[in-house]
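Each chain, letter by letter, is given below.
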Amino acid sequence: MRESVLLNVTGMKCGGCEASVTNKLSDLEGVLYVKASSQEQQVQVDFIAEKTTLAAIKDAIASAGYTVVSL
Ligand SMILES: [Cu+2]
């Protein structure tokens, strides 16, 4: 099933940061769409729930050097 999440992510400061988050997430199997906004400090990820998990998505963002803020 296709799911969409909107995560609050701190640390992105420019287009380069957006690109590194987008590239990291795009490497994950099952990720269909990524929209990272440094201005909003948010990352939208659309993914196939059978192929990846929210935890894996959060790990990928963290490994790119950014912080997912849990609400
Ligand atoms: Cu940057």
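These numbers were taken from a predicted model, which means no experiment stands behind them.

## Considerations on the environment of V43
Assignment of secondary structure puts V43 in strand β3 (residues 42–48). The residues contacting V43, other than those within four sequence positions of it, are V5, L6, L7, V9, M12, V21, L25, V34, K35 and A36.

## Comments concerning the coordination of the copper ion
The reference angle at a metal is 109.5 degrees if four donors form a tetrahedron and 90 or 180 degrees if six donors form an octahedron. Distances from the copper ion to its protein donors, C14 (SG) and C17 (SG), fall at 2.1 Å. Given the relative accessible area of 39%, C14 is considered partly exposed. Residue C17 is classed as buried on the basis of its relative accessible area, which comes to 12%.

## A few points about the sheet that holds strand β4 (residues 67–69)
Each strand in a sheet pairs with another by means of backbone hydrogen bonds, the pair being arranged parallel or else antiparallel. Taking strand neighbours across the sheet as the criterion, the four strands line up as β2-β3-β1-β4 in an open arrangement whose pairing is antiparallel. The sheet is open, and its two edges are formed by β2 (31–37) and β4, each paired on a single side. Between one strand and the next, the sheet's axes are offset by a mean angle of 35 degrees, whatever the strand orientation. Relative to β4, strand β1 (residues 2–10) runs antiparallel, the two being bridged by three bridges. Considered in β4, the bridge of T10 is made with T67. Those strands touched by helix α1 (residues 15–26) are β2 and β3, and its axis lies near 165 degrees from that of β2. Across the sheet, helix α2 (residues 54–63) touches β1, β3 and β4, and the angle it forms with β1 is around 35 degrees.

Conventions and cut-offs
Residues numbered from 1 in each chain as written. Predicted model: local features only at pLDDT ≥ 70, side-chain atom pairs only at ≥ 80, totals over all residues. Heavy atoms only, no water. Helix = DSSP H or I, 4+ residues; strand = E, 2+ residues; numbered from the N terminus. Contact = heavy atoms within 4.5 Å. Donors = N, O, S within 2.8 Å, 3.2 Å for Na, K, Ca; no water. Buried < 20%, exposed > 50% of the residue type's maximum accessible area, 1.4 Å probe, protein only. Pairing = 2+ DSSP bridges. Axes fitted to C-alpha atoms, helices over the stretch in contact; angles between N-to-C directions.

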